[in-house]
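Structural overview for review
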Amino acid sequence: MNTRRLRSVAEAAEILRHGGLVAFPTETVYGLGADGLDPAAVRAVFAAKGRPADNPLILHVHDVVGAETVAVLDARARRLASGHWPGPLSLVLPARPQVPEEVRAGLPTVAVRCPRHPLALALIAAAGRPLAAPSANLSGRPSPTSAEAVLEDLDGRIDAVLDGGPCPLGLESTVVDCTGPTLRLLRLGALAAEDLGLEPRVGGGQALSPGMRHRHYAPRIPLRVVDDLGLALAEHPEAAVLCTAEQAARAHLAPGPAVYVLSADPVKRGAELYAALRLLERCGRPLILAAAVPDQGTDAAVMDRLRRAASGSQGGAGQGVDADRA
Ligand code: AMP
Ligand code: MG
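Note that this is a predicted model, so its numbers are computed, not measured.

Further remarks concern helix α2 (residues 39-49). Considered for burial, the residues of α2 that qualify are A41, V42, V45, F46, A48 and K49. Relative to the axis of α2, the buried residues are bounded by an arc of 165° and lie together on one face. Where α2 starts, the residue carrying a side-chain oxygen 2.9 Å from the main-chain nitrogen of A40 turns out to be D38. Once α2 finishes, G50 follows within two positions and takes phi at roughly 70°, a positive value.

See the structure below:
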């Protein structure tokens, strides 16, 4: 299959309406889109990514009316939607019967999001149906935040990528379970948990968010999260480094091909994270040392991704994450 690089929303929508796969930009990361009501198209998404069938997909809708066609929203869910949509918040809700089992991975619930990126909204409107769209990477790899990163993983495996440049937030959506008596955070993400009045800690348990069990975000070389960069570098002077300017200065490091200095602004460093991992894995060093940042705001999601990247990589001292590919 020849993967086309598109600028036209109409062409991308046409492919989706015929059961094809198109990666498209959202404000979080690039999604691998398919007709979310077509079981065969959804199965093709799992095949293209090498995604385990037990990891459900998020349905992307144009608005709350679109969400109502695939899920049941109570007053609480509607409040969350009106406060944070369009935006990087996915709500797990009771599914309506027309949602294919493949999307839900057999669960009675479905995750729904209305993204904020203008191209994503235009594409959903032009396709005229909800789009199932997990991150457009090979399972287990860092999520793609540019059309180039999508092609790095999926060239030849999908019909097209709609190129909208780099993603402004660069971290996946925050996932909240709205099916129980209290809201539960299932995945830390681009919307800070604190903005939802929740602790920045995942409280869903593995059974509720199957995706959290699997290997994720791992670069091709081992990654370790370290508290003291200077100490870690004394032990591993050959390592590549991911850190903030302040951490670099303390360790007497200057930016370079093997030293990626993240922005001082937490939202910007979230946006840089995956591109940085994809750059550092190619810099010729055997290991990445990632300096820890405090677990708060969007940095809580950055730390969650780094810990999981460490768990999934050969050199990581991970715990609680399966070694299988997700
Ligand atoms: P991805 O789109 O690849 O970034 O992953 C979607 C995330 O949402 C995964 O962690 C899934 O496990 C989670 N998810 C999707 N649907 C559901 C659902 N019905 N219940 C719980 N978690 C879900
Ligand atoms: Mg993903």
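All right, on to the domain arrangement of the chain then. Accessible area lost upon the coming together of the parts is a frequently used measure of interface size. By domain assignment, the chain separates into domain 1 (4-208) and domain 2 (223-311). Just the C-alpha atoms count here: the centres of domain 1 and domain 2 sit 27 Å apart. Across the boundary between the two partners, domain 1 contributes 23 residues, which contact 19 residues of domain 2. Buried area between domain 1 and domain 2, summed over both chains or domains, comes out near 1,500 Å², and the portion from carbon and sulfur atoms is 53%.

This part is about the pairing of strand β12 (residues 240-244). Extensive coverage of β12 is indicated by the burial of five of its five residues. Alternating residues of β12 divide into A240, L242 and T244 and V241 and C243, and every residue in both groups is buried. As paired elements, β12 and strand β14 (residues 288-291) share three bridges and run parallel to each other. Note that in β14 the partner of V241 across the bridge is L289. Relative to strand β13 (residues 259-262), β12 runs parallel, the two being bridged by four bridges. By the bridge assignment for β13, C243 is matched with V261. Crossover β12 to β13 through helix α9 (residues 245-250) is right-handed.

Of note, H216 is situated in the loop between β10 (184-187) and β11 (223-226). When the C-alpha atoms of H216 and P142 are compared, they prove to be 7.0 Å apart, with 74 residues separating the residues in sequence.

In this section: the nonpolar core. Nonpolar side chains tend to gather and get buried jointly when the protein is soluble and globular. By size, the foremost hydrophobic cluster in this structure holds 75 residues, and its most contacted members are L32, L91, V112 and L242. When residues of this core are assigned to their parent elements, the largest contribution, seven residues, is made by helix α11 (residues 298-312). Three or more residues apiece are contributed to this core by two domains, here domain 1 (4-208) and domain 2 (223-311). Counting 16 residues, the second largest nonpolar core, distinct from the first, contains V9, A13, L16 and L162.

This part is about helix α1 (residues 9-17). Restricting attention to buried positions, one finds in α1 the residues V9, A12, A13, I15 and L16. One side of α1 holds all its buried residues, which, seen down the axis, span an arc of 160°. Contact partners of the buried residues in α1: β1 (4-6), β2 (22-24), β3 (31-35), α6 (118-127), β7 (131-132) and β8 (160-162). Residue S8 occupies the N-cap position of α1, its side-chain oxygen lying 3.4 Å from the main-chain nitrogen of A10. Positive backbone phi, approximately 85°, marks G19, located one or two places after α1.

What follows is about the confidence of the model for the chain. In this model, the chain carries an average pLDDT of 93, and 93% of its residues clear a pLDDT of 70 or more. This model gives residues 316-326 a pLDDT under 50, and the stretch forms 29 contacts once residues within four places in sequence are excluded.

In this section: the packing of helix α10 (residues 266-280) against α11. In the contact formed by α10 and α11, the axes pass within 9 Å of each other and the chain directions differ by 25°. The angle between α10 and α11 places the two elements in the roughly parallel class. Considering the relative orientation of α10 and α11, their crossing is left-handed. Residues P266, V267, R269, G270, L273 and Y274 of α10 pack against T298, D299, V302, R305 and L306 of α11.

Another aspect to go through is the packing of α1 against α6. Pairs of packed helices are described in terms of their axes, by the angle between the two and the distance that separates them. The N-to-C vectors of α1 and α6 enclose an angle of 50°; their axes lie 9 Å apart at closest approach. Between α1 and α6, the angle falls in the class oblique. Seen from above, α1 lies across α6 with right-handed handedness. Judged by residue contacts, V9, A12, A13, L16 and R17 of α1 engage L119, A122, L123, A126 and A127 from α6. Residue composition of the contact of α1 with α6, by class: nine nonpolar, no polar and one charged.

Criteria and thresholds
Residues numbered from 1 in each chain as written. Chains lettered and ligands numbered in written order. Predicted model: local features only at pLDDT ≥ 70, side-chain atom pairs only at ≥ 80, totals over all residues. Heavy atoms only, no water. Buried < 20%, exposed > 50% of the residue type's maximum accessible area, 1.4 Å probe, protein only. Helix = DSSP H or I, 4+ residues; strand = E, 2+ residues; numbered from the N terminus. Arc of directions from axis to C-beta. Polar contact = N/O pair within 3.5 Å; in protein donor to acceptor, adjacent residues only side chain to side chain. Domains from an automatic or database assignment. Contact = heavy atoms within 4.5 Å. Buried area = accessible area lost by both parts, 1.4 Å probe. Pairing = 2+ DSSP bridges. Right-handed = clockwise from strand over helix to strand, strands pointing away. Core = buried A, V, L, I, M, F, W, Y, C linked by side-chain atoms within 4.5 Å. pLDDT = per-residue confidence, 0-100. Axes fitted to C-alpha atoms, helices over the stretch in contact; angles between N-to-C directions. Parallel < 35°, antiparallel > 145°, perpendicular 65-115°, else oblique. Left-handed = near helix turned anticlockwise from the far one by under 90°. Nonpolar A, V, L, I, M, F, W, Y, C, P; charged D, E, K, R; others polar.

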